[in-house]
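As a plain string of letters, each chain reads:
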Amino acid sequence: MIGRGSVGPRRTLGAACAVGLLAAGGLTLSQSAGAADAVDQQQTSQTFAQGVQENYAAAQVFTAGRSGPLVRVELKLARTPEDPGTLTVELRNAPAGQVGDSVLASTQVAAADLPLAEIFNPPSVFVPVNFPVAPTISAGTQYAVVARAAAGAGSYFAGRTLADAYPGGQAFETAGEGTPWSAVGDEGDYAFRTWVLTPDPTPTPKPTPKPTPKPKLEAKCDFALSSKAARKYNVLKGTNGNDVLIGTKGPDLIYGYGGNDKIRGRGGNDILCGGAGNDDLAGGGGDDKISGGPGQDKLAGNKGNDVLHGNGGRDHLRGGPGRDTVNGGPGKDDERS
């Protein structure tokens, strides 16, 4: 197994410290630490702390779950009160799941930034390690996080399990530069987290609402004219709301459409079409043709020989002076010629 007699002396915080390490827990950095940062890979368990010093380095291989800049890694680290020297953390390639020689990113961690570890009472927190330039990693590719130290009177410690706890890669150890890396195998994995910068999700564009179609203006009238014949008239058109439409002294063709409309023809031989709704229509002087349409309409021909059609609904029809033709249509109507 790794380091068993072959990698030189090691400092370890043994099983007696396990309760203290687990109770200490980790300094959990939530995703709010970076709006676009997210934890990609992690193994948070530990049973003891493995020494990292001049003649002993540690590494953990992981498999990236997403692609993007690796903005930081987190390791459970501590140090002795004595000067442990300089701690270097690297990201390396990991061909075939082994610790490679290509350093993709590297940074140094100040000893003063790490908590002190004492035998039988070691503090243990996740320490964020930021690379000066975030290396870009690819999903499905394996990488190695390496922790190694320069010569010093003290030692660093890295949290580790005594069982295989991370399926995406193995823990490794070595006696130092130039010494082959050996896999820990089933004897443990180091506690770590990787944080990958993920782009903000592109908001799904809201569909442009289709404009509500305007209600169709129904131009039904008992006295409909061809477009050629309608050219002789002054044409006025209302809406499907409540309209007031006043004609001219000449011949008018007026459509009220929907709504409760008030229509006045004034002079000339007019054609007045109330349309749907309870309409009030009056022809004025001239021989007028007036169609009430559906609804309870009031129709007045006034002077002239007028034609009044009430159509559906309970209508009130008055012909006025002249020879008028009055037809209330379906419904109980009040008709006077």
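Here's what I pulled together on the structure shown here. (Residues numbered from 1 in each chain as written. Predicted model: local features only at pLDDT ≥ 70, side-chain atom pairs only at ≥ 80, totals over all residues. Heavy atoms only, no water.)

1. Thoughts on the sheet that holds strand β15 (residues 234–237)
Short version of the rule: Each pair of strands is called paired provided DSSP finds at least two bridges between the two strands. We count a stretch as a helix when DSSP gives it H or I for four or more residues in a row; a strand needs E for two or more, and each element gets its number in order from the N terminus. Only the stretch in contact is used when a helix axis is fitted, and all axes are lines through C-alpha atoms; the angle between N-to-C directions ranges over 0 to 180 degrees.
Across the sheet, 6 strands lie side by side as β15-β17-β19-β21-β23-β25; this open sheet has parallel pairing. Two strands bound the open sheet, and with one partner strand each, they are β15 and β25 (325–327). The sheet shows a mean angle of 5 degrees between the axes of neighbouring strands, direction not considered. Across 3 bridges, strand β21 (residues 289–291) lies against strand β23 (residues 307–309) in parallel orientation. For S291, the partnering residue across the bridge sits in β23 and is H309.

2. Thoughts on the side chain of Q41
Quick reminder of the rule: Remark: exposure states derive from per-residue accessible area (1.4 Å probe, protein chains only) relative to the maximum for the residue type, with buried under 20%, exposed over 50%, and partly exposed in between. N or O atoms within 3.5 Å of each other form a polar contact, as long as, within protein, one can give a hydrogen and the other can take it, and as long as residues adjacent in sequence are counted only when both atoms are side-chain atoms. Should any heavy atoms of two residues lie within 4.5 Å, those residues are counted as being in contact.
Tracing the backbone through its elements, the reader meets Q41 in strand β2 (residues 37–43). For Q41, a relative accessible area of 16% puts it in the buried group. One polar contact links Q41 to Y166, side chain to side chain, over a distance of 2.8 Å. Ignoring anything within four residues of it in the chain, the contact list for Q41 reads F62, T63, A64, G65, Y166, F192, R193 and T194.

3. Observations concerning the environment of G275
Position of G275 relative to the elements: it lies in the loop between β19 (271–273) and β20 (280–282). Separated by 54 residues in sequence, G275 and C221 place their C-alpha atoms 7.2 Å apart. Every residue in contact with G275, bar those within four places of it in the chain, is listed here: Y257, G292, G293 and P294.

4. Some thoughts on empty space enclosed by the protein
Counted only if it meets this: The distinction between a cavity and a pocket rests on a 1 Å grid over the protein atoms alone: a 1.4 Å probe fits inside a cavity but cannot get out, while a pocket stays open yet meets protein on both sides within 12 Å along at least five of seven lines, and a residue with an atom within 4 Å of a point counts as lining. Grid points are joined across faces, edges and corners, and a volume is the space filled by probe spheres set on the points. Note that Gly is not counted as nonpolar here; it falls among the polar residues with everything else outside the nonpolar set of Ala, Val, Leu, Ile, Met, Phe, Trp, Tyr, Cys and Pro and the charged set of Asp, Glu, Lys and Arg.
All chains considered together, the criterion is met by 2 cavities of 30 Å³ or more. Size it by volume and the largest cavity reaches roughly 90 Å³. Together, 13 residues line the largest cavity, and A58, L75, A147, A158 and Y190 are the ones closest to its centre. Among the secondary structure elements, those contributing two or more residues to the lining of the largest cavity are β4 (57–63), β5 (68–79), β10 (142–149) and β11 (156–160). When the residues that make up the lining of the largest cavity are grouped by side-chain class, the tally is 10 nonpolar, 2 polar and 1 charged.

From the geometry alone we can't say anything about function, so treat these as descriptive.
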